[in-house]
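Here is how the chains run, residue by residue.
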Amino acid sequence: MKTEENPYIPKSATVVAVKNESLETKTLRLRLYNWRAQFQPGQFVQLLLPGVGEAPFCIASSPSDQKHMDLTIIRRGLVTIASHYMRPGDVVGIRGPFGRPFPISRMVGKDLLIVGTGIGIAALRSLILFVAEHREEFGEVDLLYGARFPEDLVYRDEMKPWAEKMNVKVTLSKASPEWGGLRGRVTDHLGGVVRGGEQVAVLCGSPMVMHSISAELLKRGLKADQVFVSLERHMKCGIGKCARCLIPGGWHVCRDGPVFSLDEISLEAIGE
Amino acid sequence: MIRVKLGEFLRLPSILAGMGYSVVVPTEGNGVTKFECYSPDSAIDLDYVRAINAPRDFLLPDGERLYRYRSTATVTSYGLKIRFPTVEGPCPVTINAEYTAPGGRLAFFAIHPCHANSIRYLDRVMLSDPADPYYKARREGMLTVVLECEEGDDYCFCVPAGSWRAEEGYCDILVRRSGEWFLVQPISEAGREAASKLNAQEEDAGSLEGKPPKMKSSFSIRASEGEIDRAPAEGLDSCTLCAACTVTCPTCYCSDIEDRFNLVDPSNVERVRRRMSCQRKCYSMIAGGTIFLKTKEERYRWRLKHKFPFSEKAFGMSGCVGCGNCIAFCPAGIDMRKTVGRDQG
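Keep in mind it's a predicted model, so treat the numbers as computed, not measured.

Peer 1: With reference to specific residues and values, describe the pattern of salt bridges.
Peer 2: Two side chains of opposite charge can pair, provided their charged atoms sit close to one another. Scanning the model with the defined rule gives 38 salt bridges over all chains in all. Taking the shortest distance from any N to any O, the salt bridge between Arg-29 of chain A and Asp-70 of chain A comes out at 2.5 Å. Taken together, the positions of Arg-29 of chain A in strand E2 (residues 25-32) and Asp-70 of chain A in strand E5 (residues 68-74) put the pair 41 residues apart, joining distant regions of the chain. Among the ionic pairs, Lys-5 of chain B bridges to Glu-180 of chain B, the shortest N-O distance being 3.9 Å. In this pair, Lys-5 of chain B sits in strand E1 (residues 2-5) while Glu-180 of chain B sits in the loop between strand E9 (173-178) and strand E10 (181-186), placing the two residues 175 residues apart along the sequence. Using a relative accessible area of 31% as the deciding quantity, one classes Lys-5 of chain B as partly exposed. Beyond isolated ion pairs, a larger network of salt bridges with shared partners links Lys-19, Glu-21, Arg-29, Asp-65, Asp-70, Arg-125, Asp-157 and Glu-158 of chain A.

Peer 1: Which residues make up the state of the cysteines, and what values go with them?
Peer 2: Residues and elements named next belong to chain B. Per the counting criterion, the structure on display carries 0 disulfides over all chains. With no disulfide of its own, Cys-158 has Cys-156 as its nearest cysteine by sulfur position, at a separation of 6.1 Å. Just so you know, Cys-278 is unpaired, no disulfide at all, and the nearest cysteine sulfur is the one on Cys-254, 5.9 Å from it.

Peer 1: Lay out the domain arrangement of chain A in plain terms, naming residues and giving numbers.
Peer 2: Residue and element names in this part refer to chain A. As far as domains go, chain A holds domain 1 (3-97) and domain 2 (104-271). Centre-to-centre, using C-alpha coordinates, domain 1 lies 22 Å away from domain 2. Listed as interface residues are 26 residues of domain 1 and, on the opposing side, 30 residues of domain 2. In this assembly, domain 1 packs against domain 2 so that about 2000 Å² is buried in total across both faces, 58% of it on carbon and sulfur atoms. When residues of domain 1 are sorted by the area they lose upon contact with domain 2, Glu-21, Pro-41 and Phe-44 head the list and together hold 23% of the total. In this structure, the connection of domain 1 to domain 2 is made through 3 salt bridges.

Peer 1: Go over the interface of chain A and chain B, please, and point to the residues and values.
Peer 2: Every contact between the two is made by 52 residues of chain A and, on the other side, 56 residues of chain B. For the pair chain A and chain B, the two sides together bury roughly 4400 Å², of which 61% comes from carbon and sulfur. Applying the counting rule to chain A against chain B returns 3 salt bridges. Asp-256 of chain B is paired through a salt bridge with Lys-236 of chain A; the nearest N and O atoms lie 3.0 Å apart. Counting every contact that joins chain A to chain B gives 15 residue pairs in polar contact (both at pLDDT 80 or more). Elements with a contribution of two residues or more to the side of chain A that touches chain B: strand E1 (11-20), strand E3 (44-49), strand E4 (53-58), strand E6 (91-98), strand E13 (246-247) and strand E14 (251-252) of chain A. Considering every element that reaches the side of chain A that touches chain B, the biggest residue donor is E6 of chain A, with 3 residues. Split into classes, the residues belonging to the side of chain A that touches chain B amount to 25 nonpolar, 14 polar and 13 charged.

Cut-off values and rules
In every chain, residue numbers begin from 1 and rise along the written sequence. Throughout, the order in which chains and ligands are written sets their labels, letters from A for the former and numbers from 1 for the latter. Reporting of local features is limited, given that this is a predicted model, to residues whose pLDDT is at least 70; pairs of side-chain atoms are given and counted only at 80 or more, and all residues count toward the totals for whole chains, interfaces and linings. Hydrogens and waters are ignored; side-chain quantities use all the structure's heavy atoms. A pairing counts as a salt bridge when a side-chain nitrogen of Lys or Arg comes within 4 Å of a carboxyl oxygen of Asp or Glu. A helix here means a DSSP run of H or I that spans at least four residues, while a strand means a run of E at least two residues long, and both kinds are numbered starting from the N terminus. Burial classification: accessible surface area is computed with a 1.4 Å probe over protein chains only, and a residue below 20% of its type maximum counts as buried, one above 50% as exposed, and the rest as partly exposed. To count as a disulfide, a pair of cysteine sulfur atoms needs to be within 2.5 Å. Either an automatic procedure or a domain database provided the assignment from which the domain bounds are taken. Residues count as neighbours in contact if any of their non-hydrogen atoms are within 4.5 Å of one another. Put simply, buried area is the surface a 1.4 Å probe can reach on two separate parts but cannot reach once they are joined, added for both. Any pair of N or O atoms that falls within 3.5 Å is considered a polar contact. Within protein, one atom must be able to donate a hydrogen and the other to accept it, and sequence-neighbouring residues count only if both atoms are side-chain atoms. For this classification, Asp, Glu, Lys and Arg are treated as charged, while Ala, Val, Leu, Ile, Met, Phe, Trp, Tyr, Cys and Pro are nonpolar and the rest, including Gly, are polar.

This is how it looks when you write it as structure tokens:
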């Protein structure tokens, strides 16, 4: 048995840059050592911090750069907190990429609505960069990004270049008085971005928020097979052997997902 | 088919050990039957109906080491300090995962047809693409000696669960007890080789067909996702969350993978796969503390959903083999047959 055949063995990568996105969020830029990652937007990897543990993260960089990988990490648990102590040059392990990516072929030539809330935007950044690189292949593209406080916003410096390629709306539910942009929850601003027709919507965020956005999109006339959600579970193996990521309907998030269309799963599977 | 007496039949484990197998036999001790590795003084129990563990514990052992690597953690006076290996320029340091594939061939002696079917289920799970390399290495060259049950106890329901027959490929030697005789029917090539080493007291021209054991209750299983959600779930108040149902289940395979090291040498890290139970809250916890299965009742129904509709969908067969271990070993007496079973007549 060779190492290449064993999906449990990580490959090495080094941190080349660490970017502070917000108080709780950092983006690690990894350079893959001696291997290339052929991934598509929406897939995830298992990040191993030596001596700490392993956790799954969606790849947040463009698939056109196979030598590098960005992971945007919010401090929440053991691995994510430890990852905030990483400096350039540190060695980490990467397994993957795993999972079913966003269905790009379903989106080409159609209007696209990308809705991200909180740190969910990290899972969508790969898709956003891909769309920006291949802008002419898509119809109208709307990006709706919601967060709670102004301090929670990530990718602040990238919003401007994105806004040249697509319609970007940022809304804060607990905005400070100085905030000049939209206020309120994401669901309050769906009216301006749901275009109907063949539009494809892509969501990622906390389970509760995704649940309410999905329900709202369906109410506004999008069909279930036009709405795609990227789910979060704590996968341990990434290949459907540990059953930690089972969701109602009998899907493994790691193998059959993390991207599901709403006609495959029920709203209850997203969470509540 | 050959007929042998008990004494001769009990020579089979040592014959298998002589053929190079690591033999697992049911042994009796402290009032329970347990599968253990064979040694010449093992107290082999052939009268058992129920065993406290299952072939799963040998094919997917708890605490199995996946690989080992060196980290740069050190112990200081104020605790464990982890420094990530840092390099400059292109990465010359890599995470060198050292691992060895598990070797040896396993032979299961005198398992019941439900156990043989549990191996079949684990095969579907672990060998589906991509295959689990550790399970695959253990599974290769496995031999099973299946001893038919005559009668189930109060908790058995393999006939309603449809798993009383050891399927082809999961039974190398089929054995039936008939009075003081054991009827031994080798099925596969490896089984024929092992059985030919028995001193057959009597040859028999007939061949052995599977026979369903006598059941104390008969019912039909109706377990779609909606039916499990709507069905009554009684006695859950007294559930102590001991997870005995998932520990003794021959098909429960949910696992956790964690780093393990000791404080004497913290730089030597092992990635270890440990058994996980869906009856625990942390089973469904994600970053930030969101828990998807919040209550005992949700987790109880989740276990049944994983066994029946989810397994049917993902692996094409039911994950419940009807051994009844989860009912028999439950200290609160929770009976899942009341949730999934519909009485006939």
